[in-house]
Amino acid sequence: MNRRSFLLTTASLISPPADFLRNAATGEISRPADDGRNLVEGLAQAPNVSSSGPWYAVMRRCGQINYNDRDPLTIDAEAWGDYWASLKVDAVLLNGGGIVAFYPTQVPHHHRSEFLGTRDLFGEMVAAMKRRRIRAVARMDCNLAYEDALKAHPEWFERNQDGSPRPHGESPWLFATCMFSTYFSEQMPAIYREINQHYPIDGFFTNGWPSTGALPVCYCKNCRRLFEKLGGVPPTETDASNPLYRKYYEAYMDRVQEIWHLWDNIAHERNPQSVYVGNLGGGLDTVKDLKQISQVAAWFNADHQGRSGETAIWDCAQQGRVAYSVMQGRTVTNVAGAYSNAQPTWRHVSKAPAELTLWLAQSTASGMVPWFHWLGGSPEDTRWREVGRSFFDWLAANEAHFRNRHSLADVAVLYPQRTVAFYSRPNSRRPRHRGGPIDYLQGLYYALLEGRFFFDFVHEGDLNPVTLRKYRALLIPNAAYLGDTQCNVIRQYVKDGGSLLATFETSRYTEWGDSRRDFQLADVFGAHAAGEVIGPKGNSYARMEAQHPILEGFKGTALLPGAENRVSITADSIPLVLSVVPAYPAFPPEMVYPRTPRTTEPAAVFREIGNSRVAYFAGDVDRTCWRSGNSDLSQLLQNAIRWVSGPDSVVSVNGVGLIEAFAWETEPGYALHLLNYTNPNMTHGAIRNIYPLGPQQVRFRVNERRSIKTVRALRAATNLKFQQQRETVTFELPGIADYEVVALV
Ligand SMILES: [Zn+2]
């Protein structure tokens, strides 16, 4: 496109939209002559407008083609339009600008693609989507800019302590921009407004910002000024024990909210239904406060594209749970990388189809909208295409059953944001006993999967009586950093009949990590901290001292494995169930015998107060379970969860296999999602084969007045025999391949 047709396009925005029509029967699109108006025909059409909310609130499928600087030479916009239409996506993310402009921009220092020539690639791509009634979201990048911008606007860029700018590791001709500079408050807005003015887009997305990871510290003039206001200089250690860092954290979160809000308002300038969405993700491991971000975010995009190393396959479902805990039914998408994004990463070959499908399946099971992503406009590997197409086809054919109303889970797991963010960050001066920031939650999670529990995450910023009311038990995996307010809510929850499981240093510190003399929840635990943490030490044990439901199944042993770290505690006059056997040498064998075989120090405290049951473990049993993979510790945790949550859970699934389960009330009825993780590549390497599971016995409690007419396995595409007695529906699911969704209508 030359400058003339670019201007024509601009002019056509204010003239009546061109008459493009899609033939509903054949899907064919009639196009008028190419008079330069073809970019805007989508304006007249408003696909997927729902009376119940903006377009993105009802979106169920999303795609992204992430084209590169060179792609304008070869990319075929219409072919991409056809591909995305074949996936029946509601929206596609298309590279607009930021680092590289894919249209003839007039904004100074907004770098045009070297290979753009006379093309308006972004405009063509938007038009190709609009012709197919697909929403177009401009994918932007605000994090890097070229050297000419650095020369003209040195104040836009992040600086090291010596004042040098920060070049990108792999593309050192690009430099990191600073969020506190006018690059974010003026330059990006100028670019957004230019795109708003020329293209019929439905929103903006920024790659890489704000992210949920650790906060960078920048030494540019803006940031030095900010730190001066906060009362110091930029700290070298980003540790919450540093009072200046605490203030910086708050200022940083304020700025994130301010920028998000500003950019969202600019999106609205074009159209009230247009939206800005940032880049979040990070799975369980988040430093930035998601609750705060959710207050400005109309749409949460998790950029959680794949896994590497020893990361478990359920990493994507965990992301869904974290996002749901703050969005609570509002739009959440998750990016699934169709390329092989393990370590090392390959951007231009496909991920194993079975791995990719299970990743997409976890997105939908956990209530997220899958966002299917490929990199590069002219792929030489096209194997990923059919993987996305067949999964999205199936989603579209069963769309109503993916419209969730709310989760039916009756167990809550506290998502301890500040403990994850501050308690044991790598590189901070953390005490030896502290594991990785998410190890505690990982261990509990594994036990929850093995025990086939139905649970939700509750974000600690959302701890209140209304949120907790629907759950029979609250599980707290070492929420060491907990504010007084949160502790009071937990105390009241137990008083009101809720049950509790907590581990290790839960409530031992304030929300910023200042030490308390005792657990703030000591009265609830019925236990008091009697000293510093002991550990890390292997070869310690818990001795079974009395019969208790929590010890069910441990026949033939007097000892259970001990936690690697423990708080030494005293208990309020309660029968001793598990006592601590302190660590003793594990080598050489001649020395392996307990020096103190029996103590009265409790390893855990179990109490019943009215209808409430409280289980408190003084050791980091959850983290030790995760680190060791020990099956006794998982069994102990499962027994404890079962004991605090009580019998007759809302849904139960009995059978062989490691699965993850979600139960939703949906618009048409109910949906039970079952993910089969039983696989040798469950915790390493890409899933390449599926090992199907046999029959599963399901009990599903529905609303008492609801008479179920059909129970259908949507992946197997078969109706199941079932029985309903009052509110309980029972049926046998003959098997699960990789993923099954059973719809009860
Ligand atoms: Zn800065």
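Not measured: the values here are computed from a predicted model.

Notes on the confidence of the model for the protein
Argument step 1. With 93% of its residues at a pLDDT of 70 or more, the protein has an overall mean of 92.
Argument step 2. Scored below 50 in pLDDT, residues 1–51 shows 81 contacts in the model against residues more than four places distant or in partner chains.

Side note on the pairing of strand 16 (residues 411–415)
Argument step 1. With 5 of 5 residues buried, strand 16 is to be regarded as a mostly interior element.
Argument step 2. Burial of the side chains of strand 16 extends over both faces: V411, V413 and Y415 are buried on one face and A412 and L414 on the other.
Argument step 3. Direction of pairing for strand 16 relative to strand 17 (residues 455–459): parallel, over a ladder of 5 bridges. In the sheet register, L414 faces strand 17, and the bridge partner there is V458.

Considering helix 10 (residues 315–327)
Argument step 1. Helix length check: helix 10 (13 residues) gives 19 Å between terminal C-alpha atoms against 18 Å at 1.5 Å per residue, within 8%.
Argument step 2. For helix 10, the tally of buried residues reaches 13 of 13 residues, placing the bulk of the element in the interior.
Argument step 3. Once helix 10 ends, the next one or two residues include Q328, with phi positive near 50°.

Comments concerning the environment of G213
Argument step 1. Looking at the secondary structure, you find G213 in the loop between strand 8 (203–210) and helix 7 (221–230).
Argument step 2. Classification of G213 as partly exposed rests on a relative accessible area of 28%.
Argument step 3. Along the sequence, G213 and G281 sit 68 residues apart, while their C-alpha atoms lie 8.7 Å from each other.

Digging into the domain arrangement of the protein
Argument step 1. The assigned domain composition of the protein is domain 1 (3–303), domain 2 (411–645) and domain 3 (651–744).
Argument step 2. One C-alpha centre belongs to domain 2, the other to domain 3, and the line joining them spans 31 Å.
Argument step 3. Around 900 Å² of area is buried between domain 2 and domain 3 when both sides are counted, 56% of it from carbon and sulfur atoms.
Argument step 4. Taken together, the links from domain 2 to domain 3 amount to 0 salt bridges.
Argument step 5. For the interface between domain 2 and domain 3, the tally reads 6 residue pairs in polar contact (both at pLDDT 80 or more).
Argument step 6. With 4 residues, helix 14 (residues 439–450) is the single largest residue contributor to the side of domain 2 that touches domain 3.
Argument step 7. Here the side of domain 2 that touches domain 3 is composed, by residue class, of 5 nonpolar, no polar and 3 charged.

What to know about the coordination of the zinc ion
Argument step 1. Coordination of the zinc ion by the protein is provided by C178 (SG), C218 (SG), C220 (SG) and C223 (SG), with metal-donor distances spanning 2.3 Å.
Argument step 2. The site at the zinc ion holds 4 donor atoms, and with the angles between them running 100 to 119°, its shape is tetrahedral.
Argument step 3. Counting gaps between the donor residues of the zinc ion yields the pattern C-x39-C-x1-C-x2-C.
Argument step 4. Judged by relative accessible area, C220 falls into the buried class, the value being 4%.

Considerations on the sheet that holds strand 16
Argument step 1. With mixed pairing, 6 strands are arranged side by side in an open sheet as 17-16-18-19-26-25. A strand with exactly one partner marks an edge of an open sheet, and here the two such strands are strand 17 and strand 25 (604–609). Direction aside, neighbouring strands of the sheet carry axes that sit 15° apart on average.
Argument step 2. Inspection of the sheet shows strand 25 paired to strand 26 (residues 612–617) by 6 bridges, in the antiparallel sense. Paired with R607 across the two strands is V614, which belongs to strand 26.
Argument step 3. Together, strand 18 (473–476), strand 19 (499–503), strand 25 and strand 26 form the strand contacts of helix 16 (residues 484–495), whose direction differs from that of strand 18 by roughly 145°.

Observations regarding the packing of helix 3 (residues 77–86) against helix 12 (residues 383–397)
Argument step 1. Two numbers describe how helix 3 lies on helix 12: the axes approach to 9 Å, and their chain directions differ by 40°. The pairing of helix 3 with helix 12 is recorded here as oblique in orientation. For the pair helix 3 and helix 12, the contacting residues are W80, Y83 and S86 in the first and W384, R385, G388, R389 and D393 in the second.
Argument step 2. For the contact of helix 3 with helix 12, the residue count by class is 3 nonpolar, 2 polar and 3 charged.

Focus on the pattern of salt bridges
Argument step 1. By the definition in use, this model includes 33 salt bridges.
Argument step 2. Its salt-bridge partner being K291, residue D462 comes within 3.2 Å of it at the nearest N-O pair. With a gap of 171 residues between them, D462 in the loop between strand 17 and helix 15 (465–468) and K291 in helix 9 (residues 290–296) connect regions that are remote in the sequence. Comparing D462 with K291 shows no difference in burial state: the two are buried.
Argument step 3. Where E355 meets R307, a salt bridge forms, and the shortest distance between an N and an O atom there is 2.7 Å.

Here's the deal with the sheet that holds strand 31 (residues 711–713)
Argument step 1. In space, the 6 strands of this open sheet follow the order 15-28-29-35-31-32, with antiparallel pairing throughout. Each having just a single partner strand, strand 15 (404–407) and strand 32 (718–719) make up the two edges of the open sheet.
Argument step 2. Relative to strand 35 (residues 739–744), strand 29 (residues 670–676) runs antiparallel, the two being bridged by 6 bridges. Its bridge partner being in strand 35, L675 is matched across the sheet by Y739.
Argument step 3. Running over the sheet, helix 11 (residues 353–365) touches strand 28 (659–666), strand 29 and strand 35 and is turned about 150° from strand 29.

Describing the nonpolar core
The nonpolar side chains of soluble globular proteins are, as a tendency, buried together.
Argument step 1. By size, the foremost hydrophobic cluster in this structure holds 211 residues, and its most contacted members are W84, F122 and L578.
Argument step 2. In terms of residue count, helix 8 (residues 243–270) provides more of this core than any other element does, 13 residues in total.
Argument step 3. Every residue in contact with W84, bar those within four places of it in the chain, is listed here: G63, Q64, I65, V89, V92, M129, I134 and F372.

A closer look at the packing of aromatic side chains
The geometry of an aromatic ring pair comes down to the distance between the two centres and the angle between the two planes.
Argument step 1. Under the defined criterion, the tally for this structure stands at 59 aromatic pairs.
Argument step 2. On the numbers, 5.0 Å between centres and 75° between planes, the contact of Y249 with F422 is edge-to-face. In this pair, Y249 is assigned in helix 8 and F422 in helix 13 (residues 417–423), connecting sequence segments 173 residues apart.
Argument step 3. Among the aromatic side chains, those forming a connected cluster through ring pairs are W156, Y183, F184, Y192, F204, W209, W260, W263 and Y276.
Argument step 4. Over the aromatic face of W359 sits the side chain of K351, whose NZ or CZ is 5.8 Å from the ring centroid.
Argument step 5. If you follow R434 out to its NZ or CZ, it ends over the ring of Y509, 5.2 Å from the centre.

Parameters and conventions
Residues numbered from 1 in each chain as written. Predicted model: local features only at pLDDT ≥ 70, side-chain atom pairs only at ≥ 80, totals over all residues. Heavy atoms only, no water. pLDDT = per-residue confidence, 0-100. Contact = heavy atoms within 4.5 Å. Buried < 20%, exposed > 50% of the residue type's maximum accessible area, 1.4 Å probe, protein only. Helix = DSSP H or I, 4+ residues; strand = E, 2+ residues; numbered from the N terminus. Pairing = 2+ DSSP bridges. Expected span 1.5 Å × (residues − 1). Domains from an automatic or database assignment. Buried area = accessible area lost by both parts, 1.4 Å probe. Salt bridge = Lys/Arg side-chain N within 4 Å of Asp/Glu carboxyl O. Polar contact = N/O pair within 3.5 Å; in protein donor to acceptor, adjacent residues only side chain to side chain. Nonpolar A, V, L, I, M, F, W, Y, C, P; charged D, E, K, R; others polar. Donors = N, O, S within 2.8 Å, 3.2 Å for Na, K, Ca; no water. Tetrahedral: all angles 85-135°; square planar, octahedral: opposite > 155°, others 65-115°. Axes fitted to C-alpha atoms, helices over the stretch in contact; angles between N-to-C directions. Parallel < 35°, antiparallel > 145°, perpendicular 65-115°, else oblique. Core = buried A, V, L, I, M, F, W, Y, C linked by side-chain atoms within 4.5 Å. Phe/Tyr/Trp six-rings, centres within 6.5 Å; stacked < 30°, edge-to-face > 60°. Lys NZ or Arg CZ within 6 Å of the ring centre and 35° of its normal.

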